[in-house]
Each structure stands twice: as C-alpha cells, then as structure tokens.
Amino acid sequence: QVQLVESGGGLVQAGGSLRLSCGISGRTLRNYIMGWFRQAPGKEREFVAAIGRGTDPYYSDSMKGRFTVATDTAKNTVYLQMTSLKREDTAIYYCAANPGSAVFDSRLYVFWGQGTQVTVSS
C-alpha cells in the first residue's frame, strides 16, 4: 500500500513563496512518475508539475519559471517549490504517483495524497 502525505501549504501574500512536500511510504518513489495537481473552488483538477524515472521535470505553462519540482530519494519525498505566487494559484494541491509513463493525465495516477491548501492573498 502506497501512502502519500502532503505538507507545507498555508496562507501567503502575493509574490511570496511556499514549498510543498509529499512524503511517500510503502514504495520507493523511483518506481513512479510523481505529479503535482491542484484544484481551485469550482474548477477542475489541473496539472501542475511532474518528475520521475530520471526524466526532466514537466511543468504546466502557467507555472513554468515560477514552480520547481524535485525529489529527495533518500527521504522518499517530492517537493514543489513555488515562487512569485499569484492569487490565482490559490487551490488545494495534491501529489500523486503514477506507475505508468503518462505525465499530464490525472486519471492515470493511482495513488493520491489528501491535499494541502494554498491560499494566496493580495
């Protein structure tokens, strides 16, 4: 059984930064594509970033240059460093694990964390 636990969300002013963490238990993250998704109120879940299996990271165009995804295999943890945050980044952020090769389609991610709230104020 794979369990994902996110942390690091909170309230931040526009222009600020946050680092989200996602700890994985039950399997090594090396076996998965690790993705970050977010869901704002009234909106569909959207892809944020992904990394895994030795590939270069992937980013949504709107986050490219502001967000950085990285892994620490020793800690079995994946991070999402978010900078220059905007109000429209307000959402619940989820990490997810995909044993396959797909990156952008949330339906192909098998394991999900409970989510962590990020709120950006003006």
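For the structure, see preceding data.
Criteria and cut-off values
Sequence order sets the numbering: in each chain, residues are counted from 1 along the sequence as written. A pLDDT threshold of at least 70 governs which residues receive local features in this predicted model, and a stricter bar of 80 or more applies before side-chain atom pairs are shown or counted, although totals over entire chains, interfaces and linings include all residues. Neither water nor hydrogens contribute to the side-chain values; these are computed over all heavy atoms in the structure. Centres within 6.5 Å make a pair out of two Phe, Tyr or Trp rings, where for Trp the six-membered ring is used; the pair is then stacked when the planes are under 30 degrees apart, edge-to-face when over 60, and tilted otherwise. Think of it this way: any DSSP run of H or I at least four residues long counts as a helix, any run of E at least two long counts as a strand, and we number them from the N terminus. Whether a charge sits over a ring depends on NZ of Lys or CZ of Arg being within 6 Å of the ring centre and within 35 degrees of the ring normal. Think of a salt bridge as a Lys or Arg side-chain nitrogen and an Asp or Glu carboxyl oxygen that are within 4 Å of each other. Exposed residues in this analysis have more than 50% of their type's maximum accessible area, buried residues have under 20%, and partly exposed residues fall in between, with area computed by a 1.4 Å probe over protein chains only. It only takes one pair of heavy atoms within 4.5 Å for two residues to be counted as in contact. By nonpolar core we mean a set of buried residues, namely Ala, Val, Leu, Ile, Met, Phe, Trp, Tyr and Cys, connected to one another through side-chain atoms within 4.5 Å. Pairing between strands is defined by DSSP: at least two bridges between the two strands are required. For every element, the axis is a line fit to its C-alpha atoms; helices are fit only across the contacting stretch, and the angle between N-to-C directions ranges from 0 to 180 degrees.

A. View of the packing of aromatic side chains. This model, assessed by the stated rule, comprises eight aromatic pairs. Pairing Tyr94 with Trp112 gives two aromatic rings, centres 6.3 Å apart and planes at 75 degrees, and the pair type is edge-to-face. Here the residue Tyr94 occupies a position in strand S9 (residues 91-98), and Trp112 occupies one in strand S10 (residues 111-112), the gap between them amounting to 18 residues. Looking at Arg45, its charged tip hangs above the ring of Tyr94, at a distance of 4.2 Å from the centre. For the cation-ring pair, Arg45 lies above Trp112, with the distance from its terminal atom to the ring centre recorded as 4.5 Å.

B. Spotlight on the pattern of salt bridges. Under the defined criterion, the tally for this structure stands at five salt bridges. Note that Lys64 is salt-bridged to Asp61, the shortest N-O span being 3.4 Å. Arg66 is the salt-bridge partner of Asp89, the closest N and O atoms lying 2.7 Å from each other. Residue Asp89 is located in the loop between strand S8 (77-82) and S9, and its partner Arg66 is located in the loop between strand S6 (58-59) and strand S7 (67-72); the two are separated by 23 residues in the primary sequence. No difference in accessibility class separates Asp89 from Arg66, as the two residues are buried. Members of the salt-bridge network, linked through shared partners, are Arg38, Glu46, Arg66 and Asp89.

C. Structural context of the side chain of Ser21. Inspection of the secondary structure assignment puts Ser21 in strand S3 (residues 18-25). Sequence-distant contacts of Ser21, defined by excluding residues within four places in its chain, comprise Val5, Glu6, Ser7, Trp36, Thr77, Val78 and Tyr79.

D. Highlighting unusual backbone geometry. Of note in this structure, Asn76 is not a glycine but carries a positive phi near 55 degrees. If you trace the backbone, Asn76 turns up in the loop between S7 and S8. A positive phi angle is found at Ser84, which is not glycine, with a value near 50 degrees. Here Ser84 lies in the loop between S8 and S9. Residue classification places Ser84 among the partly exposed positions, given a relative accessible area of 42%.

E. Highlighting the nonpolar core. Counting residues in hydrophobic clusters, the biggest one holds 29 residues, and the most contacted among them are Met34, Trp36, Leu80, Met82 and Tyr93. Looking at this core, the elements that each hand over two or more residues are S3, strand S4 (33-39), strand S5 (46-51), S7, S8, S9 and strand S11 (116-121). Setting aside its immediate chain neighbours within four residues, Met34 contacts Leu4, Ile24, Leu29, Ala49, Ala50, Ile51, Val78, Ala96, Ala97 and Tyr109.

F. Representation of the sheet that holds strand S1 (residues 3-7) within the structure. Taken together, four strands build an open sheet; the order of strands is S1-S3-S8-S7 and the sheet is antiparallel. Each end of this open sheet is capped by a strand with a single partner; those strands are S1 and S7. Each strand axis lies, on average, 15 degrees off the axis of its neighbour in the sheet, ignoring direction. In this sheet, S3 lies alongside S1 in antiparallel orientation, the contact comprising five bridges. In the strand pairing of S3, Glu6 is matched with Cys22.

By themselves these figures say nothing about function.
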